[in-house]
Amino acid sequence: MPGEFDLIARHFARLTPPRGDVALGVGDDAALLTPAPGHELVATVDTLIEGVHFFADCPPAALGHKALAVNLSDLAAMGAQPAWALLALTLPRADDDWLAEFARGFGDLARAHGVALVGGDTCRGPLAVGVTALGQVPTGQALRRAGARPGDGVYVSGELGAAGLAVRARRGELALSAALVAHAAQRLDWPQPRVALGLALRGIASAAIDVSDGLLADLGHVCAAGGVGARLDLGAMPLPDGALTLTPSDELLGSGDDYELCFTVPARHEGAVSTVAEQLRLTLTRIGQIEAEPGLRLVAAAGEVRAVAARGHDHFR
């Protein structure tokens, strides 16, 4: 059985290409990094635990991808350019084949976004993956949750709800068509962090957040940070075909794991949103508007308006 340091050397020491701003990476007590002048350092951390964040049969390559993707999604929501990552792996056993696949998924995404793996930790225990990701943003240009103002449009990238459907289907709570099963599984297991969108929204968006715990919960954070509320159009939501026949709207919009960006845009900048969508070849949908009255309100297809709770995934609720 390979030892801890054998595994690190074999699978992670040279997993990502070198960067000129890494003075010292994997192999020492800590990494030495050189942030670009005139930039702020953006740091985020996420932990994925078997049975909580992923199913036991999750393919290791998908887990490696997702462990980094959820962190890059946080950096995207801040308008940051990803640069470095640290990886903490807790493994029940030293499985060389499993680690090779995990490293492949992690490494492919890291290379796609120019991220250098600069350190980490391995230990034995129940399967869990922790990633700390670091990025940079020009000083004063970071996107934040606070900043939404009455009259701003509320937008979301991509599609919402499919990952939540996949979770419920795997638990045996829903029966999905074969096509929707495949689509939902892709959305759950292989989320695509919207890094390019986050960079493009600098100077356009008044506030932003990544949709990780569900649209209602995450937009609720934006509203709370800005002391505002929002009116949402259910008919405008970019949902999988037929999703509203499978589960109530509040549950669908409260499900997590979408890893899209939700952002608000002042009226004077809304024309730029379509330009960004064209440039990135990414669907950006206006789903509502910020209002002065706190709370979230959902407008149904027939026009009735009702208050909805800003609820989503919560580890302790």
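These lines cover the structure that appears in this document, whether it is placed above or below. No experiment lies behind these values; they were computed from the predicted model shown. (Residues numbered from 1 in each chain as written. Predicted model: local features only at pLDDT ≥ 70, side-chain atom pairs only at ≥ 80, totals over all residues. Heavy atoms only, no water.)

As for the overall build of the protein
In step 1: Counting its regular elements, the protein contains nine helices and 13 strands.
In step 2: Sorting the 317 residues of the protein into buried and exposed places 51% on the buried side.
In step 3: Of all intrachain contacts in the protein linking residues separated by at least 6 positions in sequence, the fraction that spans at least 24 positions is 86%.
In step 4: On the protein, roughly 14400 Å² of surface is accessible, and the fraction owed to carbon and sulfur atoms is 53%.
In step 5: Put simply, the protein has 25 plus and 36 minus side-chain charges, and the middle of one group is 3 Å from the middle of the other. (Helix = DSSP H or I, 4+ residues; strand = E, 2+ residues; numbered from the N terminus. Buried < 20%, exposed > 50% of the residue type's maximum accessible area, 1.4 Å probe, protein only. Contact = heavy atoms within 4.5 Å. Areas by Shrake-Rupley, 256 points an atom, 1.4 Å probe, with all protein chains shown as cover. Lys, Arg positive; Asp, Glu negative; His and termini not counted. Charge placed at Lys NZ, Arg CZ, Asp CG, Glu CD.)

Side note on the layout of surface pockets
In step 1: Volume-wise, the second largest pocket comes out at about 380 Å³.
In step 2: As for the second largest pocket, its lining consists of 21 residues, and the residues nearest its centre are Ile-8, Val-26, Gly-119, Gly-120 and Asp-121.
In step 3: At the level of elements, α1 (4–11), β4 (81–91) and β5 (116–124) are the ones that each hand at least two residues to the lining of the second largest pocket.
In step 4: Counting residues per element, the lining of the second largest pocket draws most heavily on β5, which supplies six residues.
In step 5: When grouped by side-chain class, the residues that make up the lining of the second largest pocket number 12 nonpolar, five polar and four charged. (1 Å grid on protein atoms, 1.4 Å probe; cavity = no way out; pocket = protein on both sides within 12 Å on 5 of 7 lines; lining within 4 Å. Points joined across faces, edges and corners; volume = space filled by probe spheres on them. Nonpolar A, V, L, I, M, F, W, Y, C, P; charged D, E, K, R; others polar.)

A word on the packing of helix α4 (residues 162–170) against helix α5 (residues 178–189)
In step 1: Where α4 meets α5, the axes come as close as 7 Å, and the angle between the chain directions of the two elements is 110°. The angle between α4 and α5 places the two elements in the roughly perpendicular class. Contact residues: Ala-162, Ala-163, Leu-165, Ala-166, Val-167 and Arg-170 in α4; Leu-180, His-183, Ala-184, Ala-185, Arg-187, Leu-188 and Asp-189 in α5.
In step 2: Considering only residue class, the contact of α4 with α5 consists of nine nonpolar, one polar and three charged. (Axes fitted to C-alpha atoms, helices over the stretch in contact; angles between N-to-C directions. Parallel < 35°, antiparallel > 145°, perpendicular 65-115°, else oblique.)

A closer look at the packing of aromatic side chains
In step 1: One pass over the structure, following the stated rule, counts four aromatic pairs.
In step 2: Relative to Phe-102, the ring of Phe-12 lies with its centre 6.4 Å away and its plane at 75°, an arrangement referred to as edge-to-face. Pair noted here: Phe-12 is in the loop between α1 and β1 (22–24) and Phe-102 is in helix α3 (residues 96–112), with a separation of 90 residues, a long-range link. Considered together, Phe-12 and Phe-102 belong to a single accessibility category, that of buried residues.
In step 3: Note on Trp-98 and Phe-102: the rings are 5.4 Å apart at their centroids and 15° apart in plane angle, and the pair reads as stacked. Taken as a pair, Trp-98 and Phe-102 lie in helix α3 at a separation of four residues, close to a single helical turn.
In step 4: Under the relative-accessibility criterion, Phe-102 is labelled buried at 0%.
In step 5: These aromatic residues form a ring-pair network of at least three members: Phe-12, Trp-98, Phe-102 and Phe-106. (Phe/Tyr/Trp six-rings, centres within 6.5 Å; stacked < 30°, edge-to-face > 60°.)

Some words on the state of the cysteines
In step 1: Overall, the coordinates contain zero disulfides when judged by the stated rule.
In step 2: Cys-123 takes part in no disulfide bond, and the closest cysteine sulfur, belonging to Cys-58, lies 19 Å away.
In step 3: Looking at Cys-123, the relative accessible area reads 37%, which means it is partly exposed. (Disulfide = S-S within 2.5 Å.)

Brief notes about the sheet that holds strand β3 (residues 39–49)
In step 1: The sheet built from four strands is open, its strands ordered β3-β6-β4-β5 with mixed pairing. In the strand order of this sheet, the two ends are held by β3 and β5, each with one partner. The sheet shows a mean angle of 15° between the axes of neighbouring strands, taken without regard to direction.
In step 2: Bridge count for β4 against strand β6 (residues 128–138) is nine bridges, and the pairing is antiparallel. By the bridge assignment for β6, Ala-85 is matched with Ala-133.
In step 3: Contacts from helix α2 (residues 60–77) reach β3, β4 and β6, with the element oriented near 140° to β3.
In step 4: Against the sheet, α3 contacts β4, β5 and β6, and its axis sits at roughly 160° relative to β4. (Pairing = 2+ DSSP bridges.)

A look at the nonpolar core
In step 1: One finds Phe-12, Leu-87, Phe-106 and Phe-263 to be the most contacted residues of the largest nonpolar core, which totals 50 residues.
In step 2: Listed by contribution, the elements that provide at least two residues to this core are β3, α2, β4, α3, β6, α6 (195–200), β10 (260–265) and α9 (270–280).
In step 3: Ranked by the residues each element gives to this core, the list is headed by α2, at nine residues.
In step 4: Setting aside residues no more than four positions away along its own chain, Phe-12 makes contact with Leu-7, Val-26, Leu-87, Leu-89, Leu-99, Phe-102, Ala-103 and Leu-117.
In step 5: Of all hydrophobic cores here, the second largest spans 31 residues; its members include Ala-148, Leu-252, Ile-290 and Val-308. (Core = buried A, V, L, I, M, F, W, Y, C linked by side-chain atoms within 4.5 Å.)

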